[in-house]
Amino acid sequence: MKAFRYLRPASVEEAVKTSTPETAMLKAGGMDLLDLMKERVLTPDDVVQVPAVPERVRRVMTGPDGMLLVGALVTLAELAEAMAGPLPEVAHAASLAASPQIRHRATVGGNLCQHTRCGYFRLLSMPCWKRGDKECPVLQEGGVQENAGIFSNGSCACAHPASLPPVFAALDSLVMIQGAKLERTIPIADLYAPPKRGKLTDTTLAAGEVLTRVLIPPQGDAQLGYSEIRQKEAFDWPLVSAAARVVLRGGKIAAANIWLGSVAPTPHRAVAAEKALMGKPFDDATIQMAAAAVADGATPLPGNSYKAELATVAVKRALLRAAGRTK
Amino acid sequence: MTGRRFRFVGKEVARPDGPDKAAGRAEYIHDTVRPGMLHGMIKFSEHAHARIVSVDTSRAERVPGVRAVVTGFNTPKLRMGFLRDNVVLKRDKVRQFRDEVAAVAATDADAAAEAVDLIRVEYEPLPGVFSPDEAMAEGAPLVHEVAPDGSPRTDNALPLTFHHDSGDLEAGMRAAKYVDEGVYSTPLIQQSCMGTAGCIAEFDSAGNLTMRAKTQIPFLAQRDFTRALAAMGLPGRNVRVIVPVLGGGFGTGLDTHCYEYVAILLAWRSGRPVRVLYDRHDEFAHLSPRQSSRTRVVQGCDGEGRLTFRRLDVVQDNGAYAAWGATYPSVMLLPATSLYKVPNVRFDARLVYTNNPYCQAMRGYGNPEVTWPIESSLDHLAEQAGIDPYDLRRINCNEAGELTPMGLKITTCGLDACLEATAERLDWGAKRGKGKAVRRGVGMASLVHVGGGGKIYRSDGSGIILKVDDFGTVYVSYGGVEMGQGLHAVLRQGVAEALGVRPENVVVNRTDTSTCPWDVGTHASRGAFMALNATILAADKLRARLFTWAERVFPEEVRANLKKLRRKDPAFAPPPFDLESACKAENFDLADGWLFLTSAPDEPWLRVEFGRLLRAIHFRDRGTMFVEEAFYEPDTDLPDWEKGYGNMSANYAYGTQGAEVEVDVETGQVRIVRMVAAHDVGRVLNPTALKGQIYGALAQGLGYALHEEIHTDGGRILNPNFTDYKIATAPDMDFPIELVFVETDEPSGPFGAKGVGEPGLVPTAPAIANAIYDAIGIRIRDLPITPEKIVEALRARDAGEA
Amino acid sequence: MPKTLVTLHVNGATYEVAVKPQDTLALALRDGCGLTGTKIGCDMGTCGCCTVLVEGRPVLSCLTLALEAEDWQIETIEGLSGAERLHPVQEAFATCGGSQCGYCTPGFVMTSVALLRDNAAPSRDEIKAAIAGNLCRCTGYAKIVDAVEKAGSDMRSADAGATPPTTGEKDDAGIQGRRQTAAAGR
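These numbers come from a predicted model, not from an experiment.

(A) Inspection of the overall build of chain A at higher detail. Of regular secondary structure, chain A possesses 10 helices and 12 strands. Relative to the 2.2 N^0.38 estimate, which gives 20 Å for 327 residues, the radius of gyration of chain A is 19 Å and therefore close to what a compact globule would have. Counting over 327 residues, chain A shows a buried share of 56%.

Here's what the structure looks like:
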């Protein structure tokens, strides 16, 4: 790692201040950040530890309106434990991530702000468009494409790897962001922005902004399912992940949210699949039809066309889980 | 199994290294700190192929804490490698990304890293070749323009020939009613030792070198380093190689490495001990992986299923230089010629230089590369012939007494028993060909490997020294290497068995060339086989000498016993026994640490504890102590590689593995339902160590089959980490593995045992692939069998059917 | 960057170690405290060799800054065993063949100790899930799972055979109980 100053502000406000310079970076659990610093992809002058105060940033609480309030410093292990009752599919997603040791330190905020897992991005000796080079080698002949995205992969083929964003997005969650002047609350989908040449992160967070909480609205009788497909049984990134939320009214689907991870530079919403579900009974035929629409608009590369099929399967399995027909 | 009875062989004897390893007390190279030690770090090439224009180290030299900076221009030229085609610090050009251009030694690792970053190398990039096809194309750029001897080179082929031609191939082809042909490939993979590579080089004031090296070949390393010292102008100096606790070997320690010579140069230049330690990135990018290969197999059988011929053409991407691993074809010849009875065989291997990372040995050494095509193809041959693949294998089963086309003398052979056990445990009859509806299938594959050493060097010998102290503790000095396989555990029980002491009274010393006798290295599954054969020789000598001494000393000690007894019980009257005439050397035995007469009644006073006996022999007028040595050289031949002929091992280990799999046709994921591993081990020496060897090898075989592959792009390794290089985790091994050990009581083996270190990973991939074929009718010919390949193949098949 | 002194509480002892901000806890433990039982296998959070317990939970010391660990209660492999006796988990790894080359063993032992404190009788699946973040290249994991199972059962029977502890952690009682039983048996 390049030498840096390690700063431990005592409050979120102070963290905002100390992390405002472009050369500063926020650190929570540090699982993603330290990894990339060791690879010298990230070289901050100042590493600012996100303070564990106030208590709400490190707890899961229930708001007066039934809203679940998840602090950004809640670890994935704690999230899995806290959600086992209220939202077991969130717990399921959290407990599939990385390894037990990492889940004890990795935070919800860190997971939402995770950098791409693209091997080229993480290998400084290779060029990378996202890191500022002219071209994305993944898109060139001979590039390894198995981990690349299948949507919006025009100039950068990286795929957003985190498993929680699709789940939170499917639940219509909001995130709270503390800035220098004000605290703002935005839909989680707005946390993500398409890649820009030379921009290392995938979020819309401005310098000095600190993600503090995730707000999950009350889910009523909504049905949620999460599924991911990996090469290894454990300790592996998903090839594709999918979260599906379905609300039934009078035996027909009245609302449907379908989000995918690891298929595009940002969490990807499968709009066509959602449409295919609306107004239909929640049965196998509907699920099949919705899944078939997932790959709509996909632009797979020669080396990852199979991912389009996996996306279909992942959504189908997420829907089956949501329907309680677990697979 | 024969009726031989053993005191410790075959029993659970705990590993002597277990407690310290579990306590975190074992000392690996990473843990050793020498006084004044510096941290060495290497500047690697930034190109796959380029001419070096200049190397500027001036800024590096000014970094505080830097004590030495070496390049090819300020140090003597040190040649290394199996063909001596590699120069430690490059001067003319770089031929791969892992080429060493310069190195730094500094007082701390951060300073060394900073200095390495400040070294500027100017290159003139050259076009590279990144596959054997590219390298062998007309007019391809040459990786080496001149051979080590200075003669010009005209192509990228390695100057090594491995060829075999036995019987009459044409006649064999004519006799075949059914023929199968296919091209199969294996990927570049990494040995993935959990403990990364490293060494500490240290000179004394007289210029003698001590190397602490993570090696499997301490004595060949000593030879290599001695040559390096001579080239450095230090002829006649001593080299001592000390082997620390190894964090895994798997073949990575079969060669000396550039980083070791770099440490030597830095230590000599700085006058301080220098440690070079690889991190995980280095281990992937700057150590040598296992070769990728491509093999065309053609084999045929007659109407009754008898194999009539086999032809193999192997192309191996060797990377930029030749390590010992370049001789993989020496072992490929075993399955090519001697896996199942096949009368007419042709084998050719082409080894090619490319600008990819240069490769080295890994467990199995060429064997999995060709067992993969042979065993996959065999299922297709069976299908054509309408014979159950299990039956086809049994029809052609090897047997004891055979002289194979390669000239291998099959002394004992458990293959038939292994096949039978595998079929039975898999419930083959009920399951084979019957699981298509649920995408379940079973498959099997066999192997043959060297089980009694593998002669690929002028000597395949091993020496041992047994030294006994005054308390009956036996110290064993053996030049082979414990790298986790359990060598010290079996040495402990082998010495106890052969000598007649308790295992807990046997101490195995750290491997050190200054105290241990010569050994060619721990490879070819030879460790336990060699060590225990040498042990038996040395123990017999020691016992013979001890028993001669006992003729005089034993009666004295027995009389002392009696005296003591009478002091306690004056009425004690021993039964009549003529001690003096019984005390002949041939009547003595030592067991469990007690000396006794085999002809004497079983009385406590007629036994003498080993330590007491030793003291009585030592502390007397003209007494003595016991140190015995032995050197065991198996009765084998160094094969003629151009003919591919010679009995390279004292025995051969056969085995069969079976797999039951279930394929998820939506995702292409393969779930292993169960595996069976049936191996002819000659004799089980230590059940826990043996199981560990098979389970561990099988996990590596599973990785080879399903997960592992190094991706490269223009010679650059793209996945130098465990994130993208996928080795199995515990949940990946979530299926039952049934082990079957067939004991054939091998005459050349110590206590009947064969070597078993490598076989466990050899047939795993074809067994799994054959099961996948049985489940879904899809044949993947390129390892690893990823979900993607399965889905693509299913899609292609559906498209074809539609 | 100048070094600063950090106070680390490891295995009940206090160490003052001079570290740079970029030094990891793994490095500080090994080089600063001389506790080389904690191994660095990848230094990237991908192998689990460097696992230590922080407030009883297994974490990766290679992805933890030494400065961050100030005031934490840290346990390493060295803290489990006394001079004369191994912790039951260590004992089981040593005798079951759970350790071959041994480089990954301290990490596995720490993860397993944490598991058995939470769950005294884990199933084989629970054991596999708990050790999913620890890589081993030698054993194929079978003997490791055996070792954790055996350690759990040894600790349970030691617990059952010993006087119920009035104070202290469950695990300490386990070791204590085992010591007593062993002593009585000789």
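Next comes the rest of the description.
(B) Spatial organisation of the overall build of chain C. Helices and strands together make up the secondary structure of chain C, namely six helices and five strands. Each helix and strand of chain C, ordered N terminal to C terminal, gives the series β-β-α-β-β-β-α-α-α-α-α. Residues classed as buried in chain C amount to 64% of the 186 residues present.

(C) Seen up close, the sheet that holds strand S24 (residues 607-609) of chain B. All names here are of chain B. Taken in spatial order, the three strands line up as S22-S23-S24 in an open sheet, and their pairing is antiparallel. Because the sheet does not close on itself, it has two edges, and the strands there are strand S22 (588-591) and S24. Across this sheet, the average inter-strand angle for adjacent strands is 25°, counted without regard to direction. Contacts from helix H17 (residues 610-618) reach S22, strand S23 (594-597) and S24 within the one sheet, and its direction differs from that of S24 by about 80°.

(D) Fine view of the packing of helix H3 (residues 105-118) of chain C against helix H5 (residues 142-161) of chain C. Residues and elements named next belong to chain C. Close contact between H3 and H5 brings their axes to 11 Å; oriented N to C, the two are set at 40°. In terms of axis orientation, H3 runs oblique to H5. Crossing geometry of H3 relative to H5 is assigned as right-handed. Mapping the contact onto sequence places Phe108, Ser112 and Leu116 in H3 and Ile144, Val148, Ala151, Gly152 and Met155 in H5.

(E) Structural view of the interface of chain C and chain A. Chain C puts 20 residues into the contact, and the matching count from chain A is 19 residues. Among the elements that take part in the side of chain C that touches chain A, strand S4 (residues 57-60) of chain C stands out by supplying four residues, more than any other. Looking at side-chain class alone, the side of chain C that touches chain A contains 11 nonpolar, five polar and four charged residues.

(F) The arrangement of the domain arrangement of chain C in detail. All names here are of chain C. As far as domains go, chain C holds domain 1 (4-79) and domain 2 (88-159). A straight line from the C-alpha centre of domain 1 to that of domain 2 covers 21 Å. Each partner contributes residues to the interface: domain 1 has 15 residues there, and domain 2 has 12 residues. Of all elements in the fold, only strand S3 (51-54) and S4 reach the threshold of two or more residues within the side of domain 1 that touches domain 2. Per element, the largest residue contribution to the side of domain 1 that touches domain 2 is three residues, and it comes from S3. Class assignment of the residues belonging to the side of domain 1 that touches domain 2 gives a composition of seven nonpolar, six polar and two charged.

(G) Looking closely at the sheet that holds strand S12 (residues 209-213) of chain B. Residue and element names in this part refer to chain B. Spatial ordering of the open sheet is given by S3-S7-S1-S14-S11-S12-S13, a layout of seven strands whose pairing is mixed. What marks the edges here is a single partner per strand, and that holds for strand S3 (66-71) and strand S13 (239-242). Within this sheet the neighbouring strands show an average axis-to-axis angle of 20°, counted without direction. Both strand S1 (residues 38-44) and strand S14 (residues 274-277) contribute to a ladder of three bridges, which runs parallel. For His39, the partnering residue across the bridge sits in S14 and is Arg275. Of the strands in this sheet, S1, S3, strand S7 (100-106), strand S11 (198-203), S12 and S14 are in contact with helix H7 (residues 258-270), which crosses S11 at around 30°.

(H) Region of the structure containing the pairing of strand S9 (residues 162-166) of chain B. Residue and element names in this part refer to chain B. Only one face of S9 is covered, namely the one carrying Phe162, His164 and Ser166; the face carrying His163 and Asp165 has none of its residues buried. Two strands pair when backbone bridges link them, and S9 and strand S17 (residues 345-353) are joined in this way by five bridges, in the antiparallel orientation. For Asp165, the partnering residue across the bridge sits in S17 and is Arg346.

(I) Region of interest: the nonpolar core. Within the largest apolar cluster, 437 residues are counted, with the highest numbers of intra-cluster contacts made by Val315(A), Val104(B), Val262(B), Ala263(B) and Ile772(B). If one sorts the elements of this core by residue count, helix H15 (residues 527-568) of chain B sits on top with 15 residues. Mapping this core onto the domain boundaries places at least three of its residues in each of domain 1 (4-79) and domain 2 (88-159) of chain C. Not counting the four nearest positions on each side in its chain, Val104(B) is found in contact with Gly40(B), Met41(B), Ala60(B), Val66(B), Val69(B), Ala112(B), Ala115(B) and Val116(B).

(J) Structural detail: the environment of Val243(B). Residue and element names in this part refer to chain B. Inspection of the secondary structure assignment puts Val243 in the loop between S13 and H7. Take Val243: there are 27 C-beta atoms within 10 Å of it, and that puts it in the buried class. Considering only alpha carbons, one finds Val243 and Ala231, 12 residues apart in sequence, at a separation of 24 Å.

(K) View of the packing of H15(B) against H17(B). All names here are of chain B. For the pair H15 and H17, interaxial distance at closest approach is 10 Å and the crossing angle is 110°. Relative to H17, the element H15 lies roughly perpendicular. Here H15 and H17 pass one another in a crossing that is right-handed. Along the contact surface, H15 presents Trp549, Ala550, Val553, Glu556 and Glu557, while H17 presents Arg612, Leu613, Ala616 and Ile617. Of the residues belonging to the contact of H15 with H17, the class tally is six nonpolar, no polar and three charged.

(L) Structural context of the environment of Arg674(B). Residues and elements named next belong to chain B. Topologically, Arg674 is positioned in strand S27 (residues 669-680). Distance in space between the C-alpha atoms of Arg674 and Gly65 is 56 Å, their sequence separation being 609 residues. Setting aside residues up to four positions removed in sequence, Arg674 forms contacts with Glu660, Phe735, Pro736 and Glu738.

(M) How the structure looks around helix H12 (residues 415-426) of chain B. All names here are of chain B. Here H12 contains 12 residues, and its C-alpha end-to-end distance of 16 Å stays within 8% of the 16 Å for a straight helix at 1.5 Å per residue. Residues of H12 that are buried include every one of Leu415, Cys418, Leu419, Ala421, Thr422, Ala423 and Leu426, and no others. Buried residues in H12 make contact with helix H11 (389-395), helix H13 (428-431), strand S18 (440-450), strand S26 (652-664), S27 and strand S30 (737-742). Positive backbone phi, at 60°, marks Asp427, one or two positions downstream of H12.

(N) Structural view of unusual backbone geometry. Here the residue pair Val53(A) and Pro54(A) is connected by a cis peptide bond, since its omega of -10° sits within 30 degrees of zero. Note that the residue after Leu783(B), namely Pro784(B), is joined by a cis bond; omega there is -5°. Phi at Asp745(B) is positive, roughly 50°, even though this residue is not glycine. Its location among the elements puts Asp745(B) in the loop between S30 and helix H19 (764-776). For Asp745(B), a count of 16 C-beta atoms within 10 Å translates into the label partly exposed.

(O) A look at the pairing of S1(B). All names here are of chain B. Counted residue by residue, S1 has seven buried out of seven residues, so it is predominantly covered. Where S1 meets S7, six bridges bridge the pair, whose relative direction is antiparallel. Note that in S7 the partner of Lys43 across the bridge is Ala102.

(P) How the structure looks around the confidence of the model for chain C. All names here are of chain C. When pLDDT is averaged across chain C, the result is 88; 86% of the residues are at 70 or more. Throughout residues 164-186 the model reports pLDDT below 50, and contacts reaching past four residues in sequence, or to other chains, amount to 24 contacts. Overall fold confidence for the complex sits at a pTM of 0.96, while the interface term, ipTM, reaches 0.96.

(Q) Molecular detail of the environment of Gly611(B). Residues and elements named next belong to chain B. Along the chain, Gly611 falls in helix H17. A tally of 17 C-beta atoms within 10 Å means that Gly611 is categorised as partly exposed. Remark: the alpha-carbon pair of Gly611 and Ala113, spanning 498 residues in sequence, is separated by 54 Å. In this structure, Gly611 is in contact with Asp470, Phe471 and Gly472, ignoring residues within four places of it in sequence.

(R) Quick peek at helix H6 (residues 218-231) of chain B. For H6(B), spanning 14 residues, the distance from its first C-alpha to its last is 20 Å, which sits close to the expected 20 Å at 1.5 Å a residue. Of the residues making up H6(B), those classed as buried are Pro218(B), Phe219(B), Leu220(B), Ala221(B), Gln222(B), Asp224(B), Phe225(B), Ala228(B) and Leu229(B).

About the cut-offs
Residues numbered from 1 in each chain as written. Chains lettered and ligands numbered in written order. Predicted model: local features only at pLDDT ≥ 70, side-chain atom pairs only at ≥ 80, totals over all residues. Helix = DSSP H or I, 4+ residues; strand = E, 2+ residues; numbered from the N terminus. Rg over C-alpha atoms; globule rule 2.2 N^0.38 Å. Buried ≥ 20, exposed ≤ 12 C-beta atoms within 10 Å, placed from the backbone. Pairing = 2+ DSSP bridges. Axes fitted to C-alpha atoms, helices over the stretch in contact; angles between N-to-C directions. Contact = placed C-beta atoms within 7 Å. Parallel < 35°, antiparallel > 145°, perpendicular 65-115°, else oblique. Left-handed = near helix turned anticlockwise from the far one by under 90°. Nonpolar A, V, L, I, M, F, W, Y, C, P; charged D, E, K, R; others polar. Domains from an automatic or database assignment. Core = buried A, V, L, I, M, F, W, Y, C linked by C-beta atoms within 7 Å. Expected span 1.5 Å × (residues − 1). pLDDT = per-residue confidence, 0-100.

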